[in-house]
Amino acid sequence: MAKQILLNNIEVPGLAGFEVYRRLGGYSAVEKALKNFTPDQVTEEVKKSGLKGRGGAGFPAGMKWGFIDKKNETRYFVCNYDESEPGTFKDRFLGQMNPHLLIEGMILGSYALGARSSYIYIRGELFYVLKILEKAIDEAYLNGFLGENIKGSGYSLDLYVHPGAGAYICGEETALLESLEGKRGNPRIKPPFPAIVGLYGCPTVVNNVETIAALPWIMNNGGEAYAAIGIGNSKGTKLISACGHINKPGVYEIELGLPVEEFIYSDEYCGGIRNGNKLKAVVAGGSSVPILPAHLILKTAKGEPRLMSYESLAEGGFETGTMLGSGGFIVMDDTTCIVKNLLTFSRFYHHESCGQCSPCREGTGWIEKILTRIENGQGTMKDIDLLVNIARHVEGNTICPLGDAAAWPVASAIRHFREEFEEHVKLQRCPLSK
Amino acid sequence: MEDKNNITAFNTGTLALVNRIIKRYPQGRQKSALLPVLHIAQSENNGWLSSEIMDYVATLLDIQPIEVYEVASFYSMFNLQPVGNCVIEVCQTGPCWLKGAEEIIAHYEARLGIKVGETTADGRFTLKTVECLAACGNAPVLQVGTEYHEHLTLQKAGQLLDKWQAENKISHTNPYL
Ligand SMILES: Cc1cc2nc3c(=O)[nH]c(=O)nc-3n(C[C@H](O)[C@H](O)[C@H](O)COP(=O)(O)O)c2cc1C
Ligand code: SF4
Ligand code: FES
């Protein structure tokens, strides 16, 4: 059985309510921290744990907390619940099933950073989850875990949930802060980083739901215990949301280091490919990361088994590797048209570009247009090279990483599946559509 | 399209909710309440944001009307044109496409006699496509108001439409209530 930290108890009826959560040991991490730990000691435990940000970028959480400017009296801790990266649906599941776990994590992070008001920014489509969270927050206030002088510690905290309104870009942390201030979600130029100038100009840390939900376990068991789980620099467990052509789509908690092959084929996880079909390709970490063909997702170019870890998935760089990203694991069987799948992604990035930088604004639209014409049988061989060229010019030339995120899927699809693009051009139609 | 009465101001109950939301942000930062208040305004205004209601929101939050327009036009959940009573939003991104989203969309187009982005002549239904709803494991997926409908099949999609037609479904209800 895999190590369970985040999904432990997830099937217990009534877990979303305070009573059940508390009976199962909930809020003991907050009691422990407020009683026996200074804020800096909490940060120290998180540093020791080796926990990396689970929103996609994988930046070490404790290190990010260490950057916060403590000279400024007003500081903020913000939870990124925007979850809009195609293929990613772990936060939605975790927060709706176990809202108090997220709240407990928010209290711990807020205490460590010295925040007095904290916000959970949730995508507007998830209003029903917002209501689950608000109900749980009310319970936490009633039971003295939020509000003035929490459990007599002298520490006070208010926690609020704030809805977005349909914009993937607001998952980018500086766009999220703009949006929380009631503005358009245009990413800010960094530096300054949010740890120095964040919400309302004050030092701010933004973390993903899953990152924050790991904090109670780390506080209860110690950073070292967390660091003992996993492999290499990939410490702990990770939620993987698996979808596409597998027998058992869903959210799985894996110990980092699990072989990809086991994840796809074992009955404990994805349960293999539907209808006994052949695996064609996988997008392993949300739509933004490079797509890999079956042979490269199962084994590295060196022939070693590929593991579900930050390092192993990245092995081979972008030539033959990919990224763990957000853990959105999209599986495609041999009936899938790679061009059409890519077209849906490129349409998405075009739609979601905030429009501030011309390479992203124009490039994403141009990519969508060319892919549409190739998929419809009106493309030329030159179009394929043009796509590679545009992707190269978007990547690295924009304010925020959405530009890269739009470019990588294009570059990798053509790198690994060029013949399929060429076949569309030669046949003047999609070889796979009925 | 039938005439609907659009509102020009909130009732006292809604105003109380709005004031509670404004208090969540620091003094002088009431503009932060803009997205939540626009969600409420849209739900009470037949599912769309008219310039009158946006001007009213500007007054409530003590900001310039342009600050409301530029935000309303940025976010895809806000409709700046009238919509039908029931807005059907079908996810069209990769993972849903892999599991047959296009068939679901085509089914609704055929049954409603409209294309994506259009509203039926009787003003009852609007069909939209949306991007990934964070429910890809249960693809294909659609949303109506705050409700998610997952694991769609053509049969299930059809039954949902039968139900919405029978009950005169209205999708724009206050999301906080
Ligand atoms: C276009 C774009 C979208 C993003 N969307 C999300 C998101 O939905 N959720 C998230 O946690 N991080 C998202 N991120 C990453 C955030 O910018 C940020 O790195 C993260 O919230 C930090 O939290 P973590 O360190 O705990 O992962 C996105 C980044 C980009 C560039
Ligand atoms: S890269 Fe795209 S999304 Fe990011 S700031 Fe520039 S235009 Fe906006
Ligand atoms: S692609 Fe439809 S919910 Fe994610």
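Residues numbered from 1 in each chain as written. Chains lettered and ligands numbered in written order. Predicted model: local features only at pLDDT ≥ 70, side-chain atom pairs only at ≥ 80, totals over all residues. Heavy atoms only, no water.

Here's the deal with the interface of chain B and chain A
Going by this rule: Should any heavy atoms of two residues lie within 4.5 Å, those residues are considered in contact. Buried area: the accessible surface (1.4 Å probe) lost by two parts on joining, summed over both. By definition here, a salt bridge exists when the distance from a side-chain nitrogen of Lys or Arg to a carboxyl oxygen of Asp or Glu is within 4 Å. Any N or O atom pair separated by 3.5 Å or less is treated as a polar contact, with the protein-specific requirement of one donor-capable and one acceptor-capable atom, and with residues adjacent in sequence counted only for side-chain atom pairs. A run of DSSP states H or I qualifies as a helix once it reaches four residues; a run of E qualifies as a strand once it reaches two. Both are numbered from the N-terminal end. In the scheme used here, Gly and all other residues not listed as nonpolar or charged are polar, with Ala, Val, Leu, Ile, Met, Phe, Trp, Tyr, Cys and Pro taken as nonpolar and Asp, Glu, Lys and Arg as charged.
At the interface, 42 residues of chain B touch 59 residues of chain A. Summing both partners gives a buried area of about 4,000 Å² for chain B against chain A, and 58% of it is carried by carbon and sulfur. On the chain B side of the contact with chain A, Arg 24, Phe 74 and Leu 98 of chain B bury the most area, a combined 16% of that side's loss. The salt bridge involving Arg 92 of chain A is made with Glu 150 of chain B; its shortest N-O contact spans 2.6 Å. Linking chain B with chain A are 22 residue pairs in polar contact (both at pLDDT 80 or more), by the criterion used here. Where the side of chain B that touches chain A is concerned, the elements lending two or more residues are helix 2 (34–44), helix 4 (65–72) and helix 5 (94–98) of chain B. Looking at the side of chain B that touches chain A residue by residue, the classes come out as 22 nonpolar, eleven polar and nine charged.

Some words on the domain arrangement of chain B
Here is the rule: Where a domain begins and ends is set by an automatic assignment or by a domain database.
By domain assignment, chain B separates into domain 1 (12–72) and domain 2 (86–167). A separation of 29 Å is found between the C-alpha centroids of domain 1 of chain B and domain 2 of chain B.

Regarding the environment of Thr 126 of chain B
Residue and element names in this part refer to chain B. Note the cut-off: In this scheme, a residue with accessible area under 20% of its type's maximum is buried, one over 50% is exposed, and one in between is partly exposed, where area comes from a 1.4 Å probe on protein chains only.
Within the secondary structure, Thr 126 sits in strand 2 (residues 125–130). Residue classification places Thr 126 among the buried residues on the basis of a relative accessible area of 3%. Considered as a pair, Thr 126 and Glu 70 are 56 residues apart in the sequence and their alpha carbons are 24 Å apart.

A look at the site of ligand 1
Residue and element names in this part refer to chain A. What counts is decided by this rule: One heavy atom within 4 Å of a molecule or strand makes the whole residue count as near it. Here the accessible surface of atoms and residues is derived via Shrake-Rupley with a 1.4 Å probe, and residues count as covered only by protein chains that are part of the display.
Residues in contact with ligand 1 amount to 18 residues; listed here are only the nearest, Gly 55, Asn 80, Asn 207, Asn 208 and Thr 211. Between ligand 1 and Gly 171 there is a distance of 3.1 Å, counted from a nitrogen atom to a backbone nitrogen or oxygen. With respect to ligand 1, the side chain of Asn 208 contributes an N or O atom lying 2.7 Å from an oxygen atom. Taken by itself ligand 1 offers 610 Å² of open surface, and the protein chains cover 90% of this. Ranked by the residues each element gives to the shell around ligand 1, the list is headed by strand 4 (residues 204–208), at three residues. Tallied by class, residues from the shell around ligand 1 come to four nonpolar, eight polar and six charged.

Details of the packing of aromatic side chains
Where we set the bar: A pair of aromatic rings is counted whenever rings of Phe, Tyr or Trp (Trp by its six-membered ring) have centres within 6.5 Å, and the orientation is called stacked for planes under 30 degrees apart, edge-to-face for over 60 and tilted otherwise.
Summed over the entire model, instances satisfying the criterion amount to 25 aromatic pairs over all chains. Each ring, one from Tyr 21 of chain A and one from Tyr 27 of chain A, has its centre 5.3 Å from the other, and the planes form 80°; the classification is edge-to-face. Of the two residues, Tyr 21 of chain A and Tyr 27 of chain A, both sit in the buried class. On the basis of an interplanar angle of 40° and a centroid distance of 6.3 Å, the ring pair of Tyr 76 of chain A and Tyr 119 of chain A is categorised as tilted. Placement of Tyr 76 of chain A in strand 1 (residues 76–81) and of Tyr 119 of chain A in strand 2 (residues 117–122) is noted, with a sequence separation of 43 residues between them. Every member of this aromatic cluster is reached through a ring pair, and the members are Tyr 76, Tyr 119, Tyr 160 and Tyr 200 of chain A together with Tyr 25 of chain B.

Some points on the site of ligand 2
What surrounds ligand 2 is a group of 13 residues, the closest being Cys 354, Cys 357, Cys 360, Thr 398 and Cys 400 of chain A. A class-by-class count of the residues in the shell around ligand 2 yields eight nonpolar, five polar and no charged.

Brief notes about a nonpolar patch on the surface
Heads up, the rule is: Patches in this entry comprise residues that are over 30% relatively accessible and not in a salt bridge; like charges within 9 Å are linked, as are nonpolar side chains (Val, Leu, Ile, Met, Phe, Trp, Tyr) within 5 Å.
Together, Phe 59, Met 63 and Phe 67 of chain A give the surface a local cluster of nonpolar side chains, amounting to about 290 Å² of exposed area. Mapped onto the fold, Phe 67 of chain A is located in the loop between helix 4 (61–66) and strand 1.

Here we look at the sheet that holds strand 10 (residues 279–283) of chain A
All names here are of chain A. Quick note on the threshold: One bridge is not enough; two strands pair if DSSP finds at least two bridges between them. A fitted line through C-alpha atoms serves as each axis, taken over the contacting stretch for helices, and the angle formed by two N-to-C directions is quoted from 0 to 180°.
In space, the five strands of this open sheet follow the order 8-7-13-10-11, with mixed pairing throughout. The sheet is open, and its two edges are formed by strand 8 (250–255) and strand 11 (291–293), each paired on a single side. Across this sheet, the average inter-strand angle for adjacent strands is 30°, counted without regard to direction. Pairing between strand 10 and strand 11: three bridges, direction antiparallel. Each bridged residue has a counterpart across the sheet, and for Ala 281 the counterpart in strand 11 is Pro 293. Its contacts with the sheet put helix 5 (residues 90–97) on strand 7 (237–244) and strand 8, and the angle it makes with strand 7 is roughly 115°.

Overview of helix 4 of chain B
All names here are of chain B. Heads up, the condition is: Within this analysis, the arc is defined by the directions that extend from the helix axis to the C-beta atoms.
Residues Val 68, Val 71 and Ala 72 constitute the buried set of helix 4. Take helix 4 and look down its axis: the buried residues cluster within an arc of 95°, on one side only. Tucked inside the fold, the buried residues of helix 4 contact helix 2 and helix 3 (51–61).

Regarding the sheet that holds strand 4 (residues 147–149) of chain B
Hydrogen bonds between backbone groups are what pair the strands of a sheet, and the pairing can be parallel or antiparallel. Residues and elements named next belong to chain B. Pairing within the open sheet is mixed, and its four strands lie in the order 2-1-3-4. Of all strands in the sheet, those bounded by a partner on one side alone are strand 2 and strand 4. Direction aside, the axes of adjacent strands within the sheet are offset by 25° on average. When strand 1 (residues 86–91) meets strand 3 (residues 142–144), the two strands line up antiparallel, connected through two bridges. The partner of Val 90 across the bridge, within strand 3, is Leu 142.

Regarding the domain arrangement of chain A
Residues and elements named next belong to chain A. For chain A, the domain assignment lists domain 1 (18–52 + 59–227), domain 2 (231–333) and domain 3 (338–427). One C-alpha centre belongs to domain 2, the other to domain 3; they are set 23 Å apart. Listed by partner, the interface residues are 16 residues for domain 2 and 13 residues for domain 3. Carbon and sulfur atoms make up 66% of the area that domain 2 and domain 3 hide from each other, which totals about 1,200 Å². Where Glu 420 meets Lys 280, a salt bridge forms, and the shortest distance between an N and an O atom there is 2.8 Å. For the pair domain 2 and domain 3, the interface holds five residue pairs in polar contact (both at pLDDT 80 or more). Looking at the side of domain 2 that touches domain 3, the elements with two or more residues in it are strand 10, strand 11, helix 15 (317–320) and strand 13 (328–333). Here the side of domain 2 that touches domain 3 is built from residues that sort into eleven nonpolar, three polar and two charged.

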